[in-house]
Structure formats: C-alpha cells, structure tokens
Amino acid sequence: MQLNLRSLLGRRKPDDDEDDDVAITYDPVEEHVETARPTKPAKGRGRYPDTPKMISAMKWALSRVANNVTFSDKRMVAWYLLDPQRWSFRTVADGEALIEAHASQIAELVGRTVYCRITTRPYPVQTWAQAAWQNSPSPSEGFEAILVRDQQQLASRMQSDKLVYFGVDLGSRSSAVDLTARVLPDIARRELAAVQHRLDEVDEIMAGAGVDAIPAVGNDMAWLLARSFALGCPAPNQDTIEETHWSKEDLHEFTGSTFWSAEPLAQSVRIDTTMGEQPITRCVVVLTVGRMGELHIPEVDEPWIAKTDKLPFPVEWSFRVDVRSPDETSKEMNKLSDRVLAQRDHYLEDHGKQPPRQLARQSERASAVEDEQRSGFDGLATRTRGWYRIAVAAPTQEEALARAKVVQKVYKPAIKIERELDQFRLAREFVPMEPLANSGHTRHLPILKLAAGVPAATAEVGDKRGVLIGYTSGFAERPVTWDPWYGPEVVEGSGLVPIVGGLGAGKSFFAGGIVYKTGAQGVPWTVLDPSGRLGSLAELPEFRVVATAINLLESEPGALNPYALVPEPQEAWFRDEPDPEQALALAKSAAKAQRRDLVTDTLRWCLPAEDQDDKAAMSILRDAVARAEALPYSTAHGVLMALQHHDDGELAARIQRRLREASEREISRLFFASPSGGNHGDALSSRRMTFFSLKGLAQIDENKPKGEWSYDELMSRPVMSLAAWSALRSVYRADFHERKGMFLDEVHEITAVSTGRTLVQKVATDTRKHDIAALVSTQNAANVIGQNINNFVGAAFVGKTTDEEAQEHNCRLLGLPTGVGYEAEFSKLSRRSRRSETTGAPREFIFRDGMGGEDGKGGVEKIRVDYSNHERLTAALNTTADPTKRRALELVDQGSAEEGAA
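Residues numbered from 1 in each chain as written. Predicted model: local features only at pLDDT ≥ 70, side-chain atom pairs only at ≥ 80, totals over all residues. Heavy atoms only, no water.

*Asks:* Quick question: what am I supposed to make of helix α20 (residues 649-662) here?
*Replies:* Along an α-helix, a turn takes 3.6 residues, which lines up residues three or four apart on a common side. Relative to the 20 Å expected for 14 residues at 1.5 Å per residue, α20 spans 20 Å between its end C-alpha atoms, a close match to the ideal helical length. Here α20 has its buried residues at Leu651, Ala652, Ile655, Gln656, Leu659 and Ala662. For α20, the buried positions fall inside an angular range of 140° around the axis, keeping them on one side. Buried positions along α20 lie against α16 (580-605), α18 (615-627), α19 (637-644) and α21 (711-732). (Helix = DSSP H or I, 4+ residues; strand = E, 2+ residues; numbered from the N terminus. Expected span 1.5 Å × (residues − 1). Buried < 20%, exposed > 50% of the residue type's maximum accessible area, 1.4 Å probe, protein only. Arc of directions from axis to C-beta. Contact = heavy atoms within 4.5 Å.)

Here it is, written out as structure tokens:
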C-alpha cells in the first residue's frame, strides 16, 4: 500500500513549532528495550513523578498516524489485522500446518520487532438486528418482538468479536532531512522510497498463509487506538472512516477525555473516560507471562495465547517480540555455554564436588539451540525474545484482582502468570509506540512455540445477518446467527441442510425455532412433520392468520394424487439457460418420467407382498403406467383403464382388482383422485405457512419380515413419500426468485423408497436455482450420504449420537477426518446428569456453516441452541411427553389472548 508520508508530514499549521527536520533511518539490530528505572520520589508524597495520582495531560509517544503506520518521534510501526483462524475440529496435521505457516511468516521478519495487540469489539447487537431486519423479505410485528427479545438476551451476556493486531517495526526516524519541504532533495526522496519499499515487503509477508493479515486502516485503526488509550473501558463504535491521516491534534479525539492514575505500588491502574456524556471508570490489572513448561500443541493442549477466549470477561493482550537472527542467537548460546562450563569447573576444581544436573541440562540445551541455528534453513529454528502482558479490567479493583486470579488459574500449571509492581508503566505498553516497562520476565521462545499460541484462533461460525440460534460452546462462547439462505444467495452453494441426531437430540426443536424466526421474517414455509407436533406453531399469535396445519391422513380421497405432486416446469425457470426452449422441453419430459416413477412406486405398495416381488406383475404394472397419460391433472384411474386392455388379461385383471380394492381403503384411497374430486395440481393450502402432518400413521416394525407387515404398515411408506412430494409441490408453486423454506422430518422414512430418494436428490440440486432452504431431519447421516448428494449439502447440524458407525457417518457429513478421535465427540453432546429431572434443556450440535474457506466447507464449531427467551415458542416445541405440558400450552393461549386484547 502507498504510505504517502509527505502528505502526512505536510499536514501542519503555519505556526506549528514541532520538529520539521525528519529523516528516515533503519537499524535492523537495534535493541528496543527500555528498562524501568526508579526515580527520586517527590517530597512528602512518596510518589514517582511520572505516576501521579491524577493525570490531566498524559504525554504519549504516539504522534501521528498515516494509513496503517503509527509514528513516534523516533520510530515507525505498521499495523495489520489478522484474519480469524478456526481451531476447533482441526486435525493434528492441520494444526501443525497452521502453526508452521504462521511461524514461517513471522520468521521472515528477522531483525525486526513485532508487536501484538489482542482486543475485542463488543458484538454489534444493534447492527446485527438492523441487518436481520433488512434481510427479511416481509418482516412482521412478531419478528420485531423476536428481535427485541434476542437483543436483550445478547446484551445480558459477554459477547464480543476478537480482533488481533500485529505491528511490525519499520525502523527509526531522525532529524537529518526536512521531508515537509515543498521541494524535496534527492536524499529525502530516496528515504521515502526506502520506507515504501520496506512497507511493501512487510505487506507481502503479513498477507502470507498462516497470518492472512490486511493493513489496519480506517475503522480498524481507530478501534485499536480507542481500545488502547481507554484500556479496559467500553468504547463506542466509530463512524465509518475511509482514510487514516491523523496528526497529534487529531489524536486528541482519543486522548483528550481519558485520564490514567495510579498510586505507588498500586495493584491496579485507574482509567477514567466517558461514553457520550456518561462517565466510565475501570480498574486495570496487568499480568505478565512468566515461566512456561512443556506444551503439546496441537496434540493435547489448546493454543496458549488463545486460552483466555474461554473466560466470561474480556481480556486484552499486548506483547512485543524481537525476531532474532541466527548469528545473534548463536553468540548468546556460546556465552551461555561458556558460563555453564565455568560454573561446572568451579564445582569440580575449586570445591571437588559434582555439579548439579541442572548445569548439564542447560549446557545440552544451549548446544542444541546453537546447532539449530547453524543447520536450519526454513526459518522454523528462529528464536525470539519477548515480553507478554495480559490486562483485565473491572469497575472495581477487587473485581479486577479476582479476574486476574481467574486468568492465573486458567494457565496453571504449565504457564506461570505473574502480577508485577509498576502497573502504570505495564499498562502503558498496551498503547501503540509506548516503551517497554521493564525487561523482567523475558521469554526466549522458539518461533514455533510462539506460533503455537495461535493468537488469531477463535470460535467463529455462522453469519452476521441471520437469526440468532444460540452460542458456541466449545473453544469459546460466541453468538451464532444463521441465515439458511446465505448458501444459495451469497456463496452460490446449496440450501440443503441435514439435521442429524439420535432420539432426543433436539432435531425438531431446533428446526422449529428456525421455522418460527424466519417465518416471522416473511419467508413462506412448508413443513412435513409426520408426528404433527410442529403444527402447534400455527397456533402462535405470529402465525394464526398466515399458517395452517393439515393432517394429510384426514384429507379427501385423491389428496395425494401422485400425478399432481410432481410440479410442472415453468418457462421462467429457464430464462438464464443458453437454450431456454430446449431446457424447458427436457424438464417437462423429465417431469413426466418422474410422475410415472412415482405412480409405479405408489401403486406397487398397494399390492400384496407376493405381487410386489413378482417380476411379471411388476412388468404389467409398469406397462400400464407407461400407457396412461402422465400430466399434472392425470389420475391413477387411467392406469386401471390401461390394465383392463392389457394382453395378459388374467394377471392384469388380478392387479386391477387389488388396486380397486386399495382405492376404497381408508389410507390408500388418498392416492386415487377422481375426475370430480382429489388433487389435480392445485395447492392443498393457500396459506403462507403450511404444516403437513401424518398423525396416526402406522409405524413400521423393521424387525418383522415384509410379508408380515400389516396393510397400514405397508401404506406408511408410499404415504410418507407422497407427503414429501406434496411439500415439494407447495415450494415450487412460489416465484422461483422468492425465498422458500421446506422442512422434512424423519427423512429416513422418505428415502426408504426409490421415489423418496429421487425427491431428496431433486431438492439438493434445485435449492440454489429456486432459492430454497431445505432442512431435512434424520437419525443417521448415512441417510443423506447414501443418496450420493453429499457434494450438494450446504450447512449441516449434527446432534448427540452414540452409535459408532453413525458417528463415522457424521464425520463424513461434516467433512471431518475419521479415525482421529472426532467420533467420540458426538456422544459427549448435550450431556445431562443421571439424576437430573430437567427436560427441555438447550441441546448441543456440531455446526458446519458451509460458508466456504480453505476446504470449501466453512467453519465447524460446537454450538448450544438456545431459545430460552421465547417462552411461547419453547412451550409449543417441547415434544417430550409431559403431563404438565397441557397446562403450559393453556398458559400460552391465555398469554396470547391477553396480548391480543392489549
């Protein structure tokens, strides 16, 4: 990026008396360590002059900002914002690759000092609510109330986005050349070119894999300064800033209303600021990383820097690292070895005693480090010298100290976290360009151990425009918002979303919440819920006018006419094709074939088991279906007529009699429309939201041979398949540019027949073109993977699963490797105490958001679904048998009536 230093330094008042003679020099091996030295206390007060009780005009080293470069009177630092890195559900190999890539990039900065600031930005609740509202096709008053409740829930928790800034030292400044002159001399132009060249080099390094950073300009730079000068204090969101060119006068915006104070030997630093007209006070405690033991990252341990993400309060990091050259490290190791040898000789020769084993270990380690420096060529043997600080803040010193103890406990026993004196100077290190407080607790780390901290690791999943579905519950807690149409509309992916889990995993509860929230946004939904429990959503106040619940088993004869359930392709669907007419003709031909397959499959189940397995009988049935017309208004009676004129009269007549018997039975008559009744391609519901149920449908006992199934059990398979096709028909009736939602519960029952499998495949391939979010619920991921549609899956949710084979299928669905231990994670979800009598507790899922990324699958995190702030919804969705539930629903109805009266 172009720094434009002349533009920056030229922004001055005519009477500005600041130093105009500024030149750029660079010393790559300069030490950047300032050791804190006590000065003489003021008389009668015992207070250090630079740490007064109240400070009205702090003097800061930062003097100017140009784009992503900060300036002091002596140095320049370029700042970058790192891209978040997913850590959860990475294999050991992937984790090692990330650490090595990060280490390799930082190792290219040999001879420079690298600064890091880790801070947080409060989750933009209002911004999210506005985005969710604008993302709604036709939001209702009910959705406005939903947003209010969700914002209140978010505001009651510690929610924030993690921001990781890296600063790279660009060199020192001197006063040899006036760079602000109207006519620059050749030496000044060369200095500017040299600075720009170094900045371009650093830009390239920081953009590399493992760091993936962009220059911190505009709002990103403003947030870094706001969170540093008002350390630990809440900061308002900045207005949009296009360019960053700030002089010392401009920086007064950040420094003018902030006051720092500390008593001698104080345990914390007090920082006073304002937000608007509201005064804010925070007590900040700064901790220092001390001795570090052996860490096994990523095999056993989590990234050591990112461990503070788990804490329920914000934590700030500031560290500076000198990336040392091999020669410098080798010289230091030689000195250390000489010192160890001298000590050993002192024990042996002067005192005649055996030296401690510690000396031998130190000598061996120093030799190993020196060997690494001489033999390593990939940069991964680079050594660093750094100082690592952690800051916690609270309204009172007692609370801040309590939080500091929590941080210390998190790192025990592998890492010792110290609380030093001189908190004032330590806190100042968090402000860009401030000097090092002291050189104590210097950590000499290999570059790989530094990189194993993975500062940018986070638990980010979902998007910023969808409805709130819960919170991450693994690596750290973050809100999870999800728009089911993000895949088809933004990343041009699939809208097919499997929801997998065993009994009691919370699949229906989770899907019902999605239908509830997005339905209130104005999205039309068609729900196939065999058990009929989700139909209670149609009775909620938000949906009573726009929703209906239909039990298909109670419909008129012919309501599930298979001919009418395959949608007729429309010309508008193919306008973007190279040859729309040919594409339309092919689609109509395919629709006819699908109708014949659906009719054949349906009528086959109406025959006795012996006829279903008879090849001759099936051949006659297929011939009759092929002869009959296959249009949306056709009926199965056309097949009966074709059977009447079949060449094999006796067998055809027997099949015809069986089918006529089926047309008179209570369940199978749903398949046989008549010219005057039944479904002839019309919609079963004109409401925006339709909940189809099959309450009362017989459940198949898979342990019995097929020949022993009752007639009602035989009929359950075609009824489930036709009900799913009916739901699909409702979806395709809408404008194909309009968002649509479909939820198919118990999809494993649907895919048990060939036409059900065809339906799921059709949904998978058509979601993007028709803007469909298709949620399919099943107990085993194999019911999705087995349909050869895994490449068409967008997002995915997997709940508690205990079967080992099913766990392996879960990994394949989520794009996770098998055989590395992830299978066991599915049995750990939604744990509850053996003695717990609580029902309806929030369920956990492993969520793959399908938003792309390195592997094309997006983020993968463990989340906890939480609708607890929507009492009527949770009462309606509680599918657990409970004698008190009737009373709970009565209270819901009573509350709805009172709300309507109000």
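Moving on from the model shown.
*Asks:* I keep staring at the nonpolar core and nothing clicks. Help me out?
*Replies:* Where a protein is soluble and globular, its nonpolar side chains tend to be buried together. Formed by 92 residues in total, the largest nonpolar core has its most connected members in Val639, Leu643, Leu659, Phe671, Leu694, Leu744 and Leu813. A total of twelve residues in this core trace back to one element, the largest contributor, which is α21. Contact partners of Leu694, with chain neighbours within four places excluded, come to Leu528, Asp529, Pro530, Asn551, Leu552, Leu553, Val719, Met720 and Ala723. Listed in part, the 66 residues of the second largest apolar core include Val114, Met206, Ile305 and Leu401. (Core = buried A, V, L, I, M, F, W, Y, C linked by side-chain atoms within 4.5 Å.)

*Asks:* Explain the pairing of strand β13 (residues 315-323) here, please?
*Replies:* Side-chain positions along a regular strand alternate between the two faces of the sheet. Counting buried residues in β13 gives nine out of nine residues, a clear majority hidden from the surface. A two-sided burial pattern is seen for β13, the buried positions comprising Val315, Trp317, Phe319, Val321 and Val323 on one face and Glu316, Ser318, Arg320 and Asp322 on the other. Bridge count between strand β6 (residues 113-122) and β13: six bridges; the pairing is antiparallel. In the sheet register, Arg117 faces β13, and the bridge partner there is Ser318. Bridge count between β13 and strand β14 (residues 383-394): nine bridges; the pairing is antiparallel. Each residue of the ladder has a partner; that of Phe319, found in β14, is Tyr388. (Pairing = 2+ DSSP bridges.)

*Asks:* Sorry if this is basic, but what is going on with the side chain of Ser668 here?
*Replies:* With respect to the helices and strands, the residue Ser668 is situated in the loop between α20 and β23 (689-693). Within the local environment of Ser668, its side chain forms a polar contact with the side chain of Tyr711, the two groups lying 2.9 Å apart. Excluding its chain neighbours within four sequence positions, the residues that come into contact with Ser668 are Cys606, Ala662, Ser663, Tyr711 and Met715. (Polar contact = N/O pair within 3.5 Å; in protein donor to acceptor, adjacent residues only side chain to side chain.)

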